[in-house]
Amino acid sequence: MMMLRHVAKKAFLGLQNPMASPLGLGRRLYHENVIDHFENPRNVGSFNRDDPNVGTGLVGSPSCGDLMSLQIKVDDSGQIIDTRFKTFGCGSAIASSSVASEWIKGKTIEDVLTIKNAQIAKHLRLPPVKLHCSMLAEDAIKSAVNNYKEKQAKANGGVKA
């Protein structure tokens, strides 16, 4: 059973057994950065959605079925002190979420809005067919910041943070 799970995982990641090819020319379809973030995702989990210092971004792609939840915890100075994500989707979507969660930690809510999907895609070396995963990560960041700002505005009597 363990062997079957290992083979299935390799197939899911796009790895081929070099012996499977008659010429021994197996090749990796995903960059090692994608594999690293898929096998060892950073900042997985969630915060209390009702916490006024937590912003939650929930985005999805109906075309591929990926669903991404990204949460930020912000201190009084507007700096993101912690992040969490949960992603249901392919390895590229999980890796994009993991990278985004790492990159935004320690930055201000305004600074994270400058992170673009192209930067995430370049870092992970995503193939063109998987670029929507990095777009979801960018959208999740924006959505989490917007949710945080809305909560702060409500807490401050309608004055946007």
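Just above sits the structure.
Residues numbered from 1 in each chain as written. Predicted model: local features only at pLDDT ≥ 70, side-chain atom pairs only at ≥ 80, totals over all residues. Heavy atoms only, no water.

Participant: Pulling in residues and values, what's your account of the overall build of the protein?
Facilitator: Scanning the protein from N- to C-terminus turns up five helices and three strands. In the protein, the share of contacts with a sequence separation of at least 24, taken over all contacts with a separation of at least 6, comes to 59%. Surface exposure of the protein reaches about 9100 Å², of which carbon and sulfur atoms provide 55%. (Helix = DSSP H or I, 4+ residues; strand = E, 2+ residues; numbered from the N terminus. Contact = heavy atoms within 4.5 Å. Areas by Shrake-Rupley, 256 points an atom, 1.4 Å probe, with all protein chains shown as cover.)

Participant: Could you give an account of unusual backbone geometry, naming the residues involved and the relevant values?
Facilitator: With a phi close to 65°, N43 is a non-glycine residue in the positive phi region. Here N43 shows up in the loop between α2 (32-39) and β1 (54-61). What makes N43 buried here is its relative accessible area of 15%. With a phi close to 55°, R125 is a non-glycine residue in the positive phi region. Inspection of the secondary structure assignment puts R125 in the loop between α4 (117-124) and α5 (131-155). Note on R125: relative accessible area 57%, which makes it exposed. (Buried < 20%, exposed > 50% of the residue type's maximum accessible area, 1.4 Å probe, protein only.)

Participant: Describe the pattern of salt bridges, and please don't skip the residues or the numbers.
Facilitator: Inspection of every chain in the model, using the stated rule, returns seven salt bridges. The partner of E138 in a salt bridge is K116, with the nearest N and O atoms 3.9 Å apart. Taken together, the residues E138 in helix α5 and K116 in the loop between α3 (91-104) and α4 connect sequence positions 22 residues apart. Within this structure, D36, R42 and E102 form a network of salt bridges that share partners. (Salt bridge = Lys/Arg side-chain N within 4 Å of Asp/Glu carboxyl O.)

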